[in-house]
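# Architecture and fold: a report
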Amino acid sequence: MPSLPALRRRPALPATAPLLAATGHTLAVAAPAAPPGSGPGGPPPPPPPRRPRATATTGSGPSGYLALLRLPGATAFTLGGLLARLPAGMFSVSAVLMIAASRGSYALAGAVTATGLAATALVAPWTARLVDRYGQRRVARPAAALAVCGALALVACVRLGAPAWTLFAAYAATATVPNAGAMARARWQALLGEDPARRHTATSFEQAVDEVCFMAGPALAAVLCTTLFPEAGTLTGVALLAVGITLFTAQRATEPPPHPRPATGSAAPLRRPGTAPLLAVFLATGIVFGTLEVTTLAFADTAGHAAAGGLIVGLQAAGSCVAGLVYGARAPAGPAAARLPVLLALLTAALALPALAATTGSAALLAPAVLCAGMATAPVMITAMTLVQHRTPPARLNEGLTLAVTAILTGIALGSALAGQAADRLTPGTGYTVALAAACAAIALATRLRAPALSGVRG
């Protein structure tokens, strides 16, 4: 038996320790006494911690864009993607001005650029599939190099007076230009993971970058070709493409991993449920874009304000850019498939404004109407691109996004052709009704995205 001093030296149980007592086959646990001051007469317990508000770290709020760019490597690949995307809007305008100046035929220039667009529609999805399979760096650099060779060959054929067929062959080679926008969106998805708020902000940001390139690319090409020499636009586009793709692909840390063999369930995007009507929506919205541009230019020319036509078209892109940034500043409510028909209905209502302004014959009234129509386009494109990202497996993401862009470009070509025919044969501004009809068709197609068969698909 230990001595009394030894018993006294044993440490006492802490005040908060539970007391144990054995009664038969039961072990009873007595709760510890409450600390002083915590009883009925003491101060109230501390309130539970408050949930932090959505900030830049969650992708909500205006500062969400800055938070995205602070991610390691994000600013560098964004800058590279911006430089690589500018030539997409420069090459066609530069080719038209260069060929028309040397051959004196806008018909030949238009046919050459139309051939290049058709080649892009065929080649771009295959290039994107190779990017998914072998990686952005391994595919984008040689693809961009081939496009650069095609653009330089076009300049050489124009300067040397080569036969017309060589112009078609050379410009068709530029169809291998990699889709920098799709590759940038794939990087954001890899960086942000399954964070819907931040991915929404990133998609909105990329849409704004697209609109900046849409505004700056054709304008820069026109200025260079008309103030310097006809080949200046193409040569500048070649330099921007080479520098942009090199800088973009140099950011190895943010490059998504390649998928040499698509995983189970990674079927081709065209075979996945809901993809066909979604691409049809992109096609219809492309018709809206092409019709708006050509009809606005033709209306301004007919009204005696040809110089203002380009400015009004620029307002459309500017409105879309600003609206895209505002729309992306907050996380949207509800699934994207449910929002898309509503946003298309708002776009249809906004398209009625240019149609009404055209009846007055006033370019001054047309400018704010086109601005409003442009502001309604960005939310539609952001939501539709979000659906593409949700419904395309990571192993085929570049391919799925490139198919969407190809559908838009095809729609722009169709809309431009329809608006041109309407401008030549009907009254000015009639083309705006074509845009309205295409928007209504897009609404009908978008409602099919909510079919019960797609209920298991995200978005």
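Residues numbered from 1 in each chain as written. Predicted model: local features only at pLDDT ≥ 70, side-chain atom pairs only at ≥ 80, totals over all residues. Heavy atoms only, no water.

By the naming in an unreviewed UniProt entry, the protein is MFS transporter, taken from Streptomyces albidoflavus.

### As for the overall build of the protein
Within the protein, the regular secondary structure consists of 15 helices and two strands. With 459 residues in all, the protein has 46% of them scored as buried. Pairs at least 24 apart in sequence give 82% of the contacts found in the protein among residues at least 6 apart. Counting only carbon and sulfur atoms, one obtains 69% of the accessible surface of the protein, whose full area is about 21,900 Å². (Helix = DSSP H or I, 4+ residues; strand = E, 2+ residues; numbered from the N terminus. Buried < 20%, exposed > 50% of the residue type's maximum accessible area, 1.4 Å probe, protein only. Contact = heavy atoms within 4.5 Å. Areas by Shrake-Rupley, 256 points an atom, 1.4 Å probe, with all protein chains shown as cover.)

### What about the nonpolar core?
With 52 residues, the main nonpolar core has Phe 282, Val 288, Leu 340, Leu 344 and Leu 351 as its most contacted residues. Put simply, the parts of the chain that give this core at least two residues each are helix H7 (180–192), helix H10 (275–302), helix H11 (306–328), helix H12 (336–360), helix H13 (363–391), helix H14 (397–425) and helix H15 (431–447). Per element, the largest residue contribution to this core is 13 residues, and it comes from H13. Formed by 47 residues, the second largest nonpolar core is a distinct cluster that contains Leu 83, Ala 162, Tyr 171 and Trp 188. (Core = buried A, V, L, I, M, F, W, Y, C linked by side-chain atoms within 4.5 Å.)

### Concerning the packing of aromatic side chains
By the definition in use, this model includes three aromatic pairs. Each ring, one from Trp 188 and one from Phe 205, has its centre 6.5 Å from the other, and the planes form 90°; the classification is edge-to-face. One end of the pair, Trp 188, is in helix H7; the other, Phe 205, is in helix H8 (residues 196–227), with 17 residues separating them in the sequence. You'll find Trp 188 and Phe 205 in the same group, each marked buried. The side chain of Arg 129 reaches across the aromatic face of Trp 126, ending 4.7 Å from its centre. Arg 187 extends its terminal NZ or CZ atom over the ring of Phe 248, reaching a point 4.4 Å from the ring centre. (Phe/Tyr/Trp six-rings, centres within 6.5 Å; stacked < 30°, edge-to-face > 60°. Lys NZ or Arg CZ within 6 Å of the ring centre and 35° of its normal.)

### A look at the packing of H10 against H12
H12 packs onto H10 with a crossing angle of 15° between their chain directions and a minimal axis gap of 12 Å. Considering the angle they form, H10 stands roughly parallel to H12. Note on packing geometry: the crossing formed by H10 with H12 is left-handed. On H12, the residues touching Leu 278, Val 281, Thr 285, Val 288, Leu 292 and Phe 299 of H10 are Leu 340, Leu 344, Leu 351 and Ala 358. Its residues assigned to classes, the contact of H10 with H12 shows nine nonpolar, one polar and no charged. (Axes fitted to C-alpha atoms, helices over the stretch in contact; angles between N-to-C directions. Parallel < 35°, antiparallel > 145°, perpendicular 65-115°, else oblique. Left-handed = near helix turned anticlockwise from the far one by under 90°. Nonpolar A, V, L, I, M, F, W, Y, C, P; charged D, E, K, R; others polar.)

### Quick notes on helix H9 (residues 232–249)
The end-to-end C-alpha distance of H9, which contains 18 residues, comes to 26 Å, matching closely the 26 Å that a straight helix rising 1.5 Å per residue would cover. Residues Ala 232, Gly 233, Thr 234, Gly 237, Val 238, Leu 240, Leu 241, Gly 244, Ile 245, Phe 248 and Thr 249 constitute the buried set of H9. In this fold, the buried residues of H9 make contact with helix H3 (74–103), helix H5 (136–160), H7 and H8. (Expected span 1.5 Å × (residues − 1).)

### Comments concerning empty space enclosed by the protein
Where empty space is left can be seen by rolling a probe of water-molecule size over the atoms. The final tally for this structure, using the stated rule, is three cavities of 30 Å³ or more. Approximately 50 Å³ is the volume found for the second largest cavity. Taken together, Arg 185, Trp 188, Gln 189, Arg 199, Ala 202, Thr 203, Glu 206 and Gln 389 form the lining of the second largest cavity. Those elements that place two or more of their residues in the lining of the second largest cavity are H7 and H8. No other element matches the four residues that H8 contributes to the lining of the second largest cavity. Looking at the lining of the second largest cavity, its residues break down into two nonpolar, three polar and three charged. (1 Å grid on protein atoms, 1.4 Å probe; cavity = no way out; pocket = protein on both sides within 12 Å on 5 of 7 lines; lining within 4 Å. Points joined across faces, edges and corners; volume = space filled by probe spheres on them.)

### Some details on the side chain of Gln 189
Note on placement: Gln 189 falls in helix H7. Ignoring any residue separated from it by four or fewer positions in sequence, one finds Gln 189 in contact with Arg 199, Gln 389 and Leu 397.

### Some points on the environment of Ala 253
For Ala 253, the location among the structural elements is in the loop between H9 and H10. Residue Ala 253 is classed as exposed on the basis of its relative accessible area, which comes to 82%. Taking the C-alpha atoms as reference, Ala 253 lies 7.1 Å from Gly 73; in sequence the two are 180 residues apart.

### Observations concerning the pattern of salt bridges
Within this structure, the stated rule accounts for three salt bridges. The residue Glu 206 makes a salt bridge to Arg 85 at a minimum N-O spacing of 2.6 Å. Taken together, the positions of Glu 206 in helix H8 and Arg 85 in helix H3 put the pair 121 residues apart, joining distant regions of the chain. Neither residue differs from the other here; Glu 206 and Arg 85 are each classed as buried. Note that Glu 231 is salt-bridged to Arg 159, the shortest N-O span being 3.5 Å. With Glu 231 in the loop between H8 and H9 and Arg 159 in helix H5, this residue pair connects regions lying 72 residues apart in the sequence. (Salt bridge = Lys/Arg side-chain N within 4 Å of Asp/Glu carboxyl O.)

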